[in-house]
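# Examining the three-dimensional arrangement
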Amino acid sequence: GMKVESSKVAGTRVFGQFGCCYSNPDGTWPMYPNSPLLNSKVRQALNKAIDRDELKKVFAPNGEPMYLNSYHPTRLAWNPTWQTRFQDLYGYDPNKARALLAEAGYGPNNPLTTSVLLNDILQISGANDLAEAIAGYWRQVGVKVDLVQLDAATQAAQARAYKFDNHFQITGTTGDQIQGIFVYATPLNTPAAIAYFTPEYPALYKAKIGGYVDPDNWLPGLQEFGEMAYTQFQNVPLWYVPVEAVYNPTVVS
C-alpha cells in the first residue's frame, strides 16, 4: 500500500569527472603535461564511446538527460544549443570515438590507458556498477582501463594533493549552480573531488561570477563559462535524477 513520489526540481545530478589537469603551486600549467586527458579529442572520444540511452535504462530510468553539468533549462544562462549540438559532440558513436583517439595518437599499437575510480555516491545506487559499465564502453573502443578502489579518506587526501593525473570517477551532487561550478570546475576550494581545472576556469569565476551577489551580474560569466566547459568536454554529463520518497497514503495525504 505504500506509494512513491518523485521530486519535481532538477537538483540532483550525476556526472563523470576527469582527474588530470591542474596548475602547479607556482601557477604554471599543466602539472601533468603527459596526461592523455589534457587532449580535448581524448575527452570527446571518451564521451562519445558511452551509450547513455542504454545506461539510463539500467541506472536512471527516471532520470532526465543532462547536457552540461550545473546547467538546466530552468537555471540561469541556459543555452538551448547545448541540447541540439549534444548528439554531434557527445552522442554515442564508437566509430567516431575510435577516430578521435586515432587523431590524438592512440590505436591498437599505442592504446590509450586510464584509470576509473570506484566509489559509492549517495545520488545513485550502483555507482560502482555504472563506473564499470562506462569502463566497458571504453574498452570496446580500444582503451585500456584499470579499476581502482580506494577508501574515502585516502581518495580525499590524494585529491587534495592533486595526485590523480589520469583518472575518472562518477560524481553526484545536489549543489546549486554557482556552488557546483566553484567545486567541480575551479581549484579555489582545495577540492576533495577530482576534476579538470584549467587556469581559465578560476580566472573567469573570480572575475565574472564569484565576486557578485546580484544574479543578474552572473549571466555573462555563466554563459561564457558554460560554453567553454561544453566545448572543452570538461566532464561527462549523464542525468538529473529525481529524489524519490516512499510514503504511507493512510498517514500522509
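Residues numbered from 1 in each chain as written. Predicted model: local features only at pLDDT ≥ 70, side-chain atom pairs only at ≥ 80, totals over all residues. Heavy atoms only, no water.

## Quick look at the packing of helix α2 (residues 52-59) against helix α6 (residues 127-140)
- Packing of α2 against α6 brings their axes to within 11 Å, and their N-to-C directions diverge by 160 degrees. When the axis of α2 is compared with that of α6, the two are roughly antiparallel. Of the two possible hands of crossing, α2 and α6 adopt the one that is right-handed. For the pair α2 and α6, the contacting residues are E54, L55 and F59 in the first and D129, L130, A133, I134 and Y137 in the second.
- Along the lines of polarity and charge, the residues of the contact of α2 with α6 split into 6 nonpolar, no polar and 2 charged. (Axes fitted to C-alpha atoms, helices over the stretch in contact; angles between N-to-C directions. Helix = DSSP H or I, 4+ residues; strand = E, 2+ residues; numbered from the N terminus. Parallel < 35°, antiparallel > 145°, perpendicular 65-115°, else oblique. Left-handed = near helix turned anticlockwise from the far one by under 90°. Contact = heavy atoms within 4.5 Å. Nonpolar A, V, L, I, M, F, W, Y, C, P; charged D, E, K, R; others polar.)

## What to know about the pairing of strand β6 (residues 167-173)
- With 7 of 7 residues buried, β6 lies mostly within the body of the structure.
- Across 7 bridges, the pairing between strand β2 (residues 13-19) and β6 is antiparallel. Bridged to F18 within β6 is F168.
- Where strand β4 (residues 113-118) lies against β6, 3 bridges are found, and the strand directions are parallel. The residue of β6 that forms the bridge with L117 is Q169. (Buried < 20%, exposed > 50% of the residue type's maximum accessible area, 1.4 Å probe, protein only. Pairing = 2+ DSSP bridges.)

## A look at the environment of E132
- Examined against the element boundaries, E132 turns out to sit in helix α6.
- Residue E132 is classed as partly exposed on the basis of its relative accessible area of 38%.
- C-alpha separation for the pair E132 and D146, spaced 14 residues apart in sequence, amounts to 9.9 Å.
- With sequence-adjacent residues up to four places away left out, E132 is seen in contact with L118 and L147.

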